[in-house]
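# Structural overview for review
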Amino acid sequence: MHALKFMTCQKTIIIVYLRSISDFSICRFLRGRKMLHKLKTREYKLLLRPDRFSDSTFEKVDQFWSHRMKRLIDDELGDDQGGPRHQGRFSLEEDRIVRYWDTNDCLLTRADLTLRERRQIDKPTASDVCEITLKLRMPDMFIVADTDLDGNGAGPDVKFEEDIAPLEVENSAGGGEPVTISPARSIRSRFSLSTTKNSRWSEAIASLGTAKTLFPNLSHRSLLGTEFVPQAPLTAGPSIRELVFENAQVRFGDDVTGKFALTLWFFDQTAPKVAEISFKCRTPGGEMPGKAARHAFRLFIGMQSQLGDWINADYSSKTALALPGNCGRSSG
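A brief structural summary. Please read all numbers here as calculations on a predicted model, not as lab measurements.

### Let's talk about the packing of aromatic side chains
Given two aromatic rings, their pairing is described by the distance between the two centres and the angle made by the two planes. Applying the stated criterion across every chain yields a total of 15 aromatic pairs. Pairing tryptophan 101 with tryptophan 201 gives two aromatic rings, centres 5.7 Å apart and planes at 85 degrees, and the pair type is edge-to-face. Remark: tryptophan 201 occurs in the loop between β10 (187–200) and α6 (208–214) and tryptophan 101 occurs in strand β4 (residues 86–102); sequence separation between them is 100 residues. Ring centres of phenylalanine 252 and phenylalanine 279 lie 5.6 Å apart, and the angle between their planes is 50 degrees; this geometry places the pair in the tilted category. With phenylalanine 252 in strand β12 (residues 240–253) and phenylalanine 279 in strand β14 (residues 274–282), this pair connects stretches of sequence that are 27 residues apart. Across the pair, exposure class does not vary: phenylalanine 252 and phenylalanine 279 are buried alike. Clustering of aromatic rings is evident, with ring pairs tying together Tyr44, Trp65, Phe90, Phe252, Phe260, Phe279 and Phe300. Cation over ring: arginine 52 sits above tryptophan 310, and NZ or CZ is 4.6 Å from the ring centre. One cation-aromatic arrangement involves lysine 273 over phenylalanine 267; the distance from NZ or CZ to the ring centre is 5.1 Å.

In structure tokens, the structure reads:
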């Protein structure tokens, strides 16, 4: 066959082949497969002093929003086309019990994984059906984005998010705490992928094997980093009552809204042991407009600077306090 005709024939075959592939775009075919997940949200989190909410919790939450956060938003961001950027107010949206599970040797924690149980407090305690979430969280966005926790990619609630916290540095002043918030206010990011399912769950059946039935890829060595032992039992951390206040918001512009949540954790006590303020922004198509991102960054830096007497710098992770045994000591 003539060389030119042969090349034309090859080109035709390639075009027909590419058009026949339904699951891959031409770009994906030429460059390799894309990451499994696009970023859905960015969440900015700051731990507060829980003693600030120890008395008259509902009043303290409302006062914190009205007297501190609204004023802070005005100071940092100014008006939005002649009106305030803040809107709404906090109201109680979730009242539930939370527990975290791991093996005795903290296998999940060492693999940057958490297994969380959530039960609505108004449901009968005898019910075994609850919300179970497996989450991978680490600083490398691309590793997290290319991970499949569900095994079939069809989990009912799969989230790929960026968790943003204050930048931490070594605590040179001592006091028993290894890190503290950097004097030069900034941020650090970690990326999380979570899959949530409603299923039967109880101490009697809690094991790696049971977790694998919900999240099939849990047994992969690439995820755990070691041999999977289905018989390995899972133990729970403390039972935590979690109150979540929502419905306060801030407008960053470019149709981007930050939705606030104030979360309180109670460990068999009338006063909270953990308090956290956060705001979450959606990232359609995995992106966030630069102007809105700058406003969100400015607000978060302002929160670190202006809420000094409210900030809890004693620890950096509320999840670490909820893990069983010594697992919290090995978590970041």
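### Overview of the environment of isoleucine 97
Tracing the sequence through the fold places isoleucine 97 in strand β4. For isoleucine 97, a relative accessible area of 24% translates into the label partly exposed. Along the sequence, isoleucine 97 and isoleucine 240 sit 143 residues apart, while their C-alpha atoms lie 5.5 Å from each other. Not counting residues up to four positions away in its chain, the partners in contact with isoleucine 97 are Glu117, Arg118, Arg119, Ile121, Ser239, Ile240 and Arg241.

### Brief notes about the pattern of salt bridges
The full count for this structure, using the stated rule, is 20 salt bridges. Here aspartate 309 and arginine 52 are joined by a salt bridge, their closest N and O atoms 3.2 Å apart. Of this pair, aspartate 309 sits in the loop between α8 (290–306) and α9 (318–322) while arginine 52 sits in the loop between β1 (41–48) and α3 (57–77), placing them 257 residues apart in sequence. Classification of arginine 52 as partly exposed rests on a relative accessible area of 25%. The residue arginine 241 makes a salt bridge to aspartate 95 at a minimum N-O spacing of 2.7 Å. Of this pair, arginine 241 sits in strand β12 while aspartate 95 sits in strand β4, and the two are 146 residues apart along the sequence. Judged by its relative accessible area of 36%, arginine 241 is partly exposed.

Reading the values: the criteria
Residue indices begin from 1 for each chain and proceed along its sequence in written order. Totals for whole chains, interfaces and linings use every residue, but because this is a predicted model, local features are given only for residues with pLDDT of at least 70 and side-chain atom pairs only at 80 or more, for both listing and counting. Values reported for side chains reflect all heavy atoms of the structure, with hydrogen atoms and water molecules removed beforehand. For Phe, Tyr and Trp, where Trp contributes only its six-membered ring, two rings pair if their centres lie within 6.5 Å, and the inter-plane angle classes them as stacked under 30 degrees, edge-to-face over 60, or tilted in between. For helices the rule is a DSSP run of H or I covering at least 4 residues; for strands it is a run of E covering at least 2, with both sets numbered from the N terminus onward. Each residue is assigned to one of three classes by its accessible area relative to the maximum for its type, calculated with a 1.4 Å probe on protein chains only: buried under 20%, partly exposed between the two thresholds, exposed over 50%. Criterion for a charge above a ring: Arg CZ or Lys NZ at most 6 Å from the ring centre, at most 35 degrees from the ring normal. Should any heavy atoms of two residues lie within 4.5 Å, those residues are counted as being in contact. Salt bridge criterion: a side-chain nitrogen from Lys or Arg within 4 Å of a carboxyl oxygen from Asp or Glu.

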